[in-house]
Amino acid sequence: MAHNFGPAILPLLVAMGGAVAMVPLARWLSFRVGAVALPGGRNIHEHPTGRLGGLALAAGFVISAAIFGLLDPKVRHDGFPQSQVIAMLAIGAVTIVVLMFDDLRELRARYKFGSQVLLALLVPVLGISIHFINFGGGHVIQLGVLAFPVTVIWLLGMQNTMNLLDGVDGLAAGVAAIVAGALLLAAVNRETTNPEQLTVVVLCAGLIGACLGFLIFNFHPARIFMGDNGSHFLGMTLGIISIFGIAKGEVVFALLVPLAALAIPIVDTGLAIIRRRRQGISIGHADTEHVHHQLLDFGLTQRETCLVFYAATGVTSGLGLMLYGHKKIIAVAVILLIVAVSTLLGERLSEMETGAAGDTGALLES
């Protein structure tokens, strides 16, 4: 089967350029309005850092999506109705504005969750919903009245998963880029049988480009953070693109790709909810017991923690993409990623054991 990645190239480059160009403005605005993360407490960075990087992320994506998702004649002819793309961009803009209040004022957990619910409700209201689940072989379950709550729950989960990932420099943006890459590959595989997937290809490419442009400034040591406005924007956008991706789906659980790609963060989010409920605290209460915090405690640097997460996301994404063909190539990639992660963790464990042995020897000598 021939695959055409050509339509993805320009949207990616334009979004990347837009994000890079907007970061200086986002940094300036962050300090201007006081949306600054100070060192200390749960914050592991060493210098005051602006928290409105989501503006640059969103700007890069919106510019690319508007040019190639709305104005490109080919996409307008073969893609989704323009009204749905416009609705997605409007929801993204509203998400940025609403969650900026959290970055400025640190909203209480109940108010923050309320804003997440309202944003998620807005999506099906504007006509973007998960209407069915396709098991393949002609076995399709129409959700009917359940489409509304299923869509809202899906988007709530995506928002919180991306938000909880944003605890290490470069982690959320890098993982989002990988997940968008997986969605892009799935869409490219289906474009020959479902031309509407061209819209998904363009939107995924734009999100990848925006994340890569932002990562230039966000990878450790970060010069700007995406803030809650950025992490929620990524969650909402990935969630909506995933919904676009299941249109006329012909494979088993078309949502399996983003679910598989985000398997580790999703499990981490679930464990965080259980942990906080057992402790009798709000599920919105922040803590330092997430997987990325555990990796830091294990002795990994922030960059190493990101690379482990990137590789793990690549592995789980590959497993989900095996439903779309190229099983041998993806299987090899998965094996290589597993070897890379195992080697890194093994080296770190060996260093810790060597250090512990050295400390024991010093104690005996004394």
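Use the structure listed above.
This text gives an overview of the structure that appears in the document. (Residues numbered from 1 in each chain as written. Predicted model: local features only at pLDDT ≥ 70, side-chain atom pairs only at ≥ 80, totals over all residues. Heavy atoms only, no water.)

1. Thoughts on the overall build of the protein
Each helix and strand counted, the protein has 14 helices and four strands in total. Going through the 366 residues of the protein one by one, you find that 51% of them count as buried. Accessible surface, the protein as shown: approximately 16700 Å² in total, 68% of it carbon and sulfur. (Helix = DSSP H or I, 4+ residues; strand = E, 2+ residues; numbered from the N terminus. Buried < 20%, exposed > 50% of the residue type's maximum accessible area, 1.4 Å probe, protein only. Areas by Shrake-Rupley, 256 points an atom, 1.4 Å probe, with all protein chains shown as cover.)

2. A few points about the pattern of salt bridges
It is possible for side chains of opposite charge to pair when their charged atoms get near one another. Using the criterion set out here, one finds four salt bridges in the structure. With a shortest N-O distance of 3.4 Å, Arg51 and Asp103 are connected by a salt bridge. A residue pair is termed long-range when its members are at least 10 positions apart, and Arg51 in the loop between strand E2 (49-50) and helix H2 (53-71) and Asp103 in helix H4 (residues 82-105) qualify at 52 residues. Exposure remark for Arg51: the relative accessible area of 16% places this residue in the buried category. Here Asp103 falls in the buried class, since its relative accessible area comes to 2%. Here Lys112 and Asp228 are joined by a salt bridge, their closest N and O atoms 2.8 Å apart. Here Lys112 is found in helix H5 (residues 109-125), whereas its partner Asp228 is found in helix H9 (residues 227-245), with 116 residues between them in sequence. A residue is classified by how much of its surface remains accessible, and Lys112, at 16% relative accessible area, is buried. When salt bridges with common partners are traced through the structure, they connect Arg51, Asp103 and Glu106 into a single cluster. (Salt bridge = Lys/Arg side-chain N within 4 Å of Asp/Glu carboxyl O.)

3. So, the environment of Leu238
Structurally, Leu238 can be placed in helix H9. Assessed through its relative accessible area of 0%, Leu238 is described here as buried. With 59 residues separating them along the chain, Leu238 and Val179 place their C-alpha atoms 8.1 Å apart. In this structure, Leu238 is in contact with Met158, Met162, Ala176, Val179, Ala180, Leu183 and Leu207, ignoring residues within four places of it in sequence. (Contact = heavy atoms within 4.5 Å.)

4. Here's the deal with the side chain of Thr49
Position of Thr49 relative to the elements: it lies in strand E2. A polar contact is formed between the side chain of Thr49 and the backbone oxygen of His47, at a distance of 2.8 Å. Excluding residues that lie within four positions of it along the chain, Thr49 makes contacts with Phe31, Ala35, Val36, Ala37, Ala222, Arg223, Ile224 and Phe225. (Polar contact = N/O pair within 3.5 Å; in protein donor to acceptor, adjacent residues only side chain to side chain.)

5. Considering the nonpolar core
Counting 82 residues, the largest nonpolar core has Phe61, Leu207, Leu234, Leu238 and Ile241 as its most contacted members. Setting aside its immediate chain neighbours within four residues, Leu207 contacts Phe61, Ala180, Phe233, Leu234, Thr237, Leu238 and Ile241. (Core = buried A, V, L, I, M, F, W, Y, C linked by side-chain atoms within 4.5 Å.)

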